[in-house]
Amino acid sequence: MKEVASGFLRMMDHEGIDPVEYIWMMATYPAADSGKQEAIEKPSDFKIGSLIGKRVKLEFTGKIRCVNCGKVTSKSFNQGSCFSCFQTLAQNDLCILRPETCHFHLGTCREPEWGEGYCFQKHTVYLANTSGLKVGITREKPVSNRWVDQGAQEAIPLLEVSSRRDAGLIEKQFTTVIDDKTKWQKMVTEDSVPFDLVSKKKELLEVLDSWDLGVPYTESEEEKITKLSYPILEYPKKSKSFSPDKEKEIDSKLIGIKGQYLLFEDTVINIRAYGGYEIKLYSE
């Protein structure tokens, strides 16, 4: 096997939606010291999809660099932060995971300037079919970027609001009638069953109107379902999740990519979960 890439992991980038074409992303640093440094992030010179069907090895060196400040850290928090960044950065606050708990209006945001730029812009509340029907929110443009990262096979926008908190309040209320989580074990082992998303969208908007939450929103006029497909030869028979904190390498046939997961014959790995981990990637 030959080494085809090495560096510190970042989320895979992607192009297109039918099919999705994945781009392997890595980061390097200008110096070998362990202090704060700005990462040099760049795509690989090959498409990761070209390795599907081949024996691939991911070798984790045991070294981790914070995706925010670049410092070497012994443990990663919240998909790549050192403990200091986890404690101080607004992007690691609980309200990012649960946007309905936003406390900017109380004057307690960790980084008010960052919060203004990140949270106070248009957000889309959407309906997606990942491991089943779910609602979600995103500020990404195009919205399909979020759908790809979640492994959705079909999706449609529901509405737009002017802030992340408003999107979170609506999403939270929707969870009384529909899920807001992706069951990753199901998502990485089988195709989702198609749904009539247009009819479900109409139903959810009617329910939302009856709640009268006092949150201003604009209904999406989009009536076309977005279809997404992924480069998958076959699904793994089991959803065994690989953890580099317990094992040091994967050496197996790569059989697909979906969401931010690499699918191997005998294991799967969520690349997003291990941002900042140093790896060496080998292929036949």
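Where an unreviewed UniProt entry is consulted, the protein appears under the name DUF2797 domain-containing protein, with the organism given as Leptospira sarikeiensis.

Student: It is not clear to me how the pattern of salt bridges should be interpreted in this structure. Could you clarify?
Tutor: Once the charged atoms of two side chains with opposite charge are near each other, the side chains can pair. Going through the model one piece at a time under the given rule, you end up with 11 salt bridges. Across the pair Glu 160 and Lys 122 runs a salt bridge, and its minimum N-O distance is 4.0 Å. Here Glu 160 is found in strand 8 (residues 154–161), whereas its partner Lys 122 is found in the loop between helix 3 (112–119) and strand 6 (123–129), with 38 residues between them in sequence. Looking at Lys 122, the relative accessible area reads 54%, which means it is exposed. One salt bridge in this structure joins Glu 154 and Lys 227, with 2.8 Å as the shortest N-O distance. With a gap of 73 residues between them, Glu 154 in strand 8 and Lys 227 in strand 10 (residues 226–227) connect regions that are remote in the sequence. What makes Lys 227 partly exposed here is its relative accessible area of 45%. Residues joined in a network through salt bridges with shared partners are Lys 122, Lys 141 and Glu 160.

Student: Before we go on, may I ask you to explain the state of the cysteines in this structure?
Tutor: Across all of its chains, the model carries 0 disulfides by this definition. Cysteine Cys 82 shares no disulfide, and the gap to the nearest cysteine sulfur, in Cys 85, comes to 3.7 Å. By relative accessible area, Cys 82 is classed as buried at 4%.

Student: Just checking my understanding: could you explain a negative patch on the surface for this structure?
Tutor: There is a patch of like negative charges on the surface, built from Glu 206, Asp 209, Asp 212 and Glu 219. Among the structural elements, Asp 212 can be located in the loop between helix 7 (197–211) and strand 9 (218–219).

Student: Please explain helix 7 as it appears in this structure.
Tutor: Side chains that are three or four residues apart share a direction in an α-helix, a result of its 3.6 residues per turn. For helix 7, spanning 15 residues, the distance from its first C-alpha to its last is 21 Å, which sits close to the expected 21 Å at 1.5 Å a residue. Among all positions of helix 7, only Leu 197, Lys 200, Lys 201, Leu 204, Leu 205 and Leu 208 are buried. Within helix 7, the buried residues cover an arc of 135° as seen down the axis, which keeps them to one side. Facing away from the buried side of helix 7 by over 90 degrees, the exposed positions are Lys 202, Asp 209 and Ser 210. For helix 7, the elements touching its buried residues are strand 6, strand 7 (133–138), strand 8, helix 5 (164–174) and strand 9.

Student: Explain helix 5 here, please?
Tutor: Regarding helix 5, the residues found buried are Arg 164, Asp 166, Ala 167, Gly 168, Ile 170, Glu 171 and Phe 174. Buried-residue contacts for helix 5 involve helix 2 (94–97), helix 3, strand 6, strand 7, strand 8 and helix 7.

Student: What should I look at first to understand the domain arrangement of the protein in this one?
Tutor: Note: interface size is frequently given as the accessible area lost on complex formation between the parts. In terms of domain boundaries, the protein breaks down into domain 1 (2–82 + 231–283) and domain 2 (88–227). Each of domain 1 and domain 2 has a C-alpha centre, and these two points are 26 Å apart. Contacts between the two partners involve 23 residues from domain 1, matched on the other side by 20 residues from domain 2. Its largest share of buried area at the contact with domain 2, domain 1 owes to Ile 17, Tyr 235 and Lys 258, together 31% of the area lost on that side. Joining domain 1 to domain 2, the criterion identifies 8 residue pairs in polar contact (both at pLDDT 80 or more). Considering only residue class, the side of domain 1 that touches domain 2 consists of 10 nonpolar, 9 polar and 4 charged.

What counts and what doesn't
- Counting from 1, residues in each chain are numbered in the order their sequence is written.
- In view of the model being predicted, local features appear only for residues whose pLDDT reaches at least 70, and side-chain atom pairs are presented and counted only at 80 or more, with totals across whole chains, interfaces and linings using the full set of residues.
- Each side-chain value is worked out from all heavy atoms of the structure, with water and hydrogens disregarded.
- Should a side-chain nitrogen of Lys or Arg be within 4 Å of a carboxyl oxygen of Asp or Glu, the pair is scored as a salt bridge.
- Secondary structure elements follow DSSP: runs of H or I of four or more residues count as helices, runs of E of two or more count as strands, with numbering from the N terminus.
- Using a 1.4 Å probe on the protein chains alone, a residue whose accessible area is under 20% of its type maximum counts as buried, one over 50% counts as exposed, and one in between counts as partly exposed.
- Note on terminology: pairs of cysteine sulfur atoms within 2.5 Å are recorded as disulfides.
- Patch building starts from residues that exceed 30% relative accessible area and form no salt bridge, then joins like charges within 9 Å and nonpolar side chains (Val, Leu, Ile, Met, Phe, Trp, Tyr) within 5 Å.
- In this description, accessible areas are obtained by the Shrake-Rupley approach with a 1.4 Å probe, and a residue is regarded as covered only by the protein chains that are shown.
- We score Asp and Glu as negative and Lys and Arg as positive, and we do not count His or the chain ends.
- Here the site of a charge means NZ on Lys, CZ on Arg, CG on Asp, or CD on Glu.
- One less than the number of residues in a helix, times 1.5 Å, gives the span that helix is expected to have.
- This arc corresponds to the set of directions leading from the helix axis out to the C-beta atoms.
- Here, two residues are considered to be in contact whenever any of their heavy atoms come within 4.5 Å of each other.
- For the purposes of this description, domain bounds are those given by an automatic or database domain assignment.
- Two parts lose some accessible area (1.4 Å probe) when they are put together, and adding that loss for both gives the buried area.
- Polar contact is the term for a pair of N or O atoms within 3.5 Å; when the atoms are in protein, one must be able to donate a hydrogen and the other to accept it, and sequence-neighboring residues count only if both atoms are side-chain atoms.
- Ten residues, namely Ala, Val, Leu, Ile, Met, Phe, Trp, Tyr, Cys and Pro, are considered nonpolar, four, namely Asp, Glu, Lys and Arg, are considered charged, and the remaining ones, Gly among them, are considered polar.

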